Amino acid sequence: MSNDLKLLLIEDSTINATITVDELRRGGYNPKATLIETSEDLERVLQDNTWDLIISDYNLPHFDALSALQILHDSGQDIPFIILSGSIGEEIAVEALKKGANDYLIKGNLVRLSAIVERELREVGERKTLDLAEIALQDVQEFKKTMVATLTHDLKTPIRAEHRILEFFKDGNFGDVNDVQKNVLQQMILSNRYMAHLVDNMVLAHLYEAGEVPLKLELTGINQLIRTEITNVFTYIAQERGETLLLELEGALPETWIDTFQIQRVINNLIQNAIMYTERGGAITVCTMKQKDKILVSVEDTGVGIESEEIKVLFQKYKSISKTLKHIGTGLGLYLSKQIIEAHGGEIDVESKIGKGSRFFFTLPIKKQHPN
């Protein structure tokens, strides 16, 4: 079956042009050929038309294939370019290929022409497919950026406003509130806080994927961070659930350069998960210790444990055991924890036994000097 082929021939011999067209017809193509001889003609037709293929004589009286290649290159178009020559040396052929020619053939021996054309047209099609895929990917990335901007402004702003209004109601700023109403308002505040947390995680996940989260490093003591920033809150929550929160912090740990807010997010997430998956009467133990040039932080619980198959995907995005255990969760917490720890040059992992509990742990390199 014939295939239409819009062919541009750079040739000063109508006989040679006819031979080339006939060979393509024998190969199953239906060439619609245009014959030109000068650089001016080439520049004009490249602007005015689209072409499937260019076949050029190597040397014309006032023009040559290498000059034609340069004009094609300057045009930015991806068109297969094949050189024909009465006699072409190896060095010249290599030079032509380096300049961008797709192939070359000796005039009088065009038996490979159709096969070469088929190959080059196929490769052009593949490149166009890849280009379209790249454009589609860029569109997706642009959409994601737009979505993040929407999440940041259009969602976070009203969530913050609602949070403050609920607190005003609970505190009696708009009139007296009885105990039952206060309890309902407190539950609404907690729900609102959880929504804000979900939005923050979604935004942060995108920013880490895009490499757009610069770490704001401070020289920090991990033990102090755990004591002052986290455990006061979670000690109260654990007590309400009938659980015990224990600290086993190695003394005199060296300070290191970390993004305090991000590492706090990791420890917060690990302790919150431990409390959530531990039953009444259980215990959560937070440990720190020095290991050579690293600090090890671990959060161990006496909870339900995690299946080995679930451990394999635990740190992947949107993978969560929450649904299995009838808890609410997006599966972003551990994914983000992994991104944060690895951005600091550390590692995070988990050990777990069903019915015995889990131990999440991560390392941070000890950096005495600010990393530049």
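Structure's up top.
First, a word on scope: everything that follows refers to the structure included in this document. (Residues numbered from 1 in each chain as written. Predicted model: local features only at pLDDT ≥ 70, side-chain atom pairs only at ≥ 80, totals over all residues. Heavy atoms only, no water.)

### Observations regarding the sheet that holds strand β7 (residues 103–106)
Consider a sheet: its strands pair through backbone hydrogen bonds, and that pairing is either parallel or antiparallel.
So, step 1. Pairing within the open sheet is parallel, and its 5 strands lie in the order β2-β1-β3-β6-β7. Taken across any chain shown, the strands that pair with only one partner, and hence form the sheet edges, are β2 (29–36) and β7. Going across the sheet, the axis of each strand differs from the next one's by a mean of 25°, ignoring polarity.
So, step 2. Strand direction decides the pairing type here: strand β1 (residues 3–10) and β2, joined by 8 bridges, are parallel. By the bridge assignment, isoleucine 10 is partnered in β2 with isoleucine 36.
So, step 3. Most of the contacts of helix α3 (residues 65–75) go to strand β6 (residues 81–85), to which it runs at about 170°, and overall it touches β1, β3 (53–57) and β6. (Pairing = 2+ DSSP bridges. Helix = DSSP H or I, 4+ residues; strand = E, 2+ residues; numbered from the N terminus. Axes fitted to C-alpha atoms, helices over the stretch in contact; angles between N-to-C directions. Contact = heavy atoms within 4.5 Å.)

### Notes on the environment of isoleucine 275
So, step 1. Turning to its location among the elements, isoleucine 275 is positioned in helix α8 (residues 260–276).
So, step 2. Judged by relative accessible area, which is 4%, isoleucine 275 ranks as buried.
So, step 3. Ignoring sequence-local partners within four residues, the contact set of isoleucine 275 consists of Phe234, Ile237, Ala238, Arg241, Glu243 and Ile284. (Buried < 20%, exposed > 50% of the residue type's maximum accessible area, 1.4 Å probe, protein only.)

### Structural notes on the environment of isoleucine 83
So, step 1. Looking at the element boundaries, isoleucine 83 is found in strand β6.
So, step 2. The buried category is assigned to isoleucine 83, whose relative accessible area is 0%.
So, step 3. Residues isoleucine 83 and tyrosine 58, 25 residues apart in the sequence, show an inter-C-alpha distance of 5.9 Å.
So, step 4. Discounting residues that sit within four places of it in the chain, isoleucine 83 has contacts with Ser56, Tyr58, Ala65, Ala96, Ala101, Asp103, Tyr104 and Leu105.

### Let's talk about the nonpolar core
So, step 1. Counting residues in hydrophobic clusters, the biggest one holds 34 residues, and the most contacted among them are Ile263, Ile267, Ile271, Phe360 and Phe362.
So, step 2. Mapped by element, the contributors of at least two residues to this core are α7 (222–240), β9 (244–249), α8, β11 (283–291), β12 (294–301), α10 (333–343), β13 (348–353) and β14 (357–365).
So, step 3. Sort the elements by how many residues they give to this core and α8 lands first, with 7 residues.
So, step 4. Counting 22 residues, the second largest nonpolar core, distinct from the first, contains Leu42, Trp51, Leu60 and Ala65. (Core = buried A, V, L, I, M, F, W, Y, C linked by side-chain atoms within 4.5 Å.)

### Some details on the packing of helix α2 (residues 39–48) against α3
So, step 1. Here α2 crosses α3 at 25°, and the two axes come no closer than 10 Å. Of the possible angle classes, the one that applies to α2 and α3 is roughly parallel. At the point where α2 passes α3, the crossing takes the right-handed sense. Contacts between α2 and α3 involve Ser39, Leu42, Glu43 and Leu46 on the former and, on the latter, Ala68, Ile71, Leu72 and Ser75. (Parallel < 35°, antiparallel > 145°, perpendicular 65-115°, else oblique. Left-handed = near helix turned anticlockwise from the far one by under 90°.)

### Focus: a nonpolar patch on the surface
So, step 1. There is a patch of nonpolar side chains on the surface, built from Ile165, Phe169 and Phe174 and spanning about 300 Å² of accessible area.
So, step 2. Structurally, isoleucine 165 can be placed in helix α5 (residues 113–170). (Patch = residues over 30% accessible without salt bridge, like charges linked within 9 Å, V, L, I, M, F, W, Y side chains within 5 Å. Areas by Shrake-Rupley, 256 points an atom, 1.4 Å probe, with all protein chains shown as cover. Salt bridge = Lys/Arg side-chain N within 4 Å of Asp/Glu carboxyl O.)

### So, the pairing of β11
So, step 1. The pairing of β9 with β11 spans 6 bridges and is parallel. Bridge assignment links leucine 249 to a residue of β11, and that residue is threonine 288.
So, step 2. The pairing of β11 with β12 spans 8 bridges and is classified as antiparallel. Paired with valine 286 across the bridge in β12 is valine 299.
So, step 3. Counting the residues that bridge the hairpin from β11 to β12 gives 2 residues, and of these lysine 292 lies at a positive phi of roughly 55°.

### Brief notes about α8
Working note: α-helix, 3.6 residues per turn, so residues spaced by three or four point in the same direction.
So, step 1. A rise of 1.5 Å per residue sets the reference length of α8, with its 17 residues, at 24 Å; its end C-alpha atoms lie 24 Å apart and thus fit the reference within 8%.
So, step 2. Burial of α8 is extensive: 13 of the 17 residues sit out of reach of the surface. (Expected span 1.5 Å × (residues − 1).)

### Quick notes on the pairing of β7
For a regular strand, side-chain orientation follows a simple rule: the groups alternate between the two sheet faces.
So, step 1. Only one face of β7 is buried: it carries Asp103 and Leu105, and the other face, with Tyr104 and Ile106, is open.
So, step 2. Taken together, the 4 bridges between β6 and β7 define a ladder with parallel strand orientation. Paired with isoleucine 83 across the bridge in β7 is tyrosine 104.

Functional significance is not addressed by these values, which are geometric in nature.
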